[in-house]
Amino acid sequence: MKLARAIHFDESDMNVFHSPARTGEWCISGGFEFSNWSNADLRGKARQAFTNGWLGAETFGRVTFVAVTQIEPHEMDALIVALASHFVEIYGAPSLEAARPAAKEELRQMAELCDEQDPNTVLTVTRELTEAGVKESYRIIEQREAGLDQFAIHGSLDE
């Protein structure tokens, strides 16, 4: 099974999100956070989180880019518990047992998005508010193969 981890190409996420995700943490779309939002909510850093932030499933911070990688079953189990706890603490789910199916579904959707991607494929998310609610779209940035000759200096040590 595959999921995606937060990656940072530079320090910009530290400046554009209220709470940036930690490099390497597992991520999901996290669009549920915006289900009751209106255009009035789309200001400043909140707008940036809405527009293109993945949700770190460990710190619950946001990140612009994620990379697809393998996840072990025990890691997925821990994420289900962490996300279910988040639903109880932040969104008022009545219990961990009640929140567990929603947590599993969020993780299943992310795993489905990642499953057919090669390792290290980079993903971005874009959201917009529509009459029907939040619409998400994803961009897949495939890993490019680079030949060694693009980086190595050819020559001989002999004169």
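Summing up its helical and strand segments, the protein has four helices and seven strands in all. In sequence order, the secondary structure elements of the protein are arranged as β-α-β-α-β-β-β-α-α-β-β. Sorting the 159 residues of the protein into buried and exposed places 36% on the buried side. Pairs at least 24 residues apart make up 65% of the contacts formed inside the protein by residues separated by at least 6 positions.

The biggest cluster of nonpolar side chains holds 30 residues, and the ones touching the most others in it are L3, W54, V66, L107, M110 and L123. The set of elements that each furnish at least two residues to this core consists of β1 (2–7), β2 (26–28), β3 (54–56), β5 (65–70), α3 (73–91), α4 (96–115) and β6 (122–130). A total of seven residues in this core trace back to one element, the largest contributor, which is α4. Once residues lying within four places of it in the same chain are set aside, the contact partners of M110 are L3, A4, C27, I28, S29, W54, V66 and L123.

Structurally, R127 can be placed in strand β6. Under the relative-accessibility criterion, R127 is labelled buried at 4%. A polar contact of 2.9 Å, which involves the side chain of R127, links it to the backbone oxygen of F50. At a separation of 2.7 Å, a polar atom in the side chain of R127 contacts the side chain of E136.

Reading the values: rules and limits
- Residues numbered from 1 in each chain as written.
- Predicted model: local features only at pLDDT ≥ 70, side-chain atom pairs only at ≥ 80, totals over all residues.
- Heavy atoms only, no water.
- Helix = DSSP H or I, 4+ residues; strand = E, 2+ residues; numbered from the N terminus.
- Buried < 20%, exposed > 50% of the residue type's maximum accessible area, 1.4 Å probe, protein only.
- Contact = heavy atoms within 4.5 Å.
- Core = buried A, V, L, I, M, F, W, Y, C linked by side-chain atoms within 4.5 Å.
- Polar contact = N/O pair within 3.5 Å; in protein donor to acceptor, adjacent residues only side chain to side chain.

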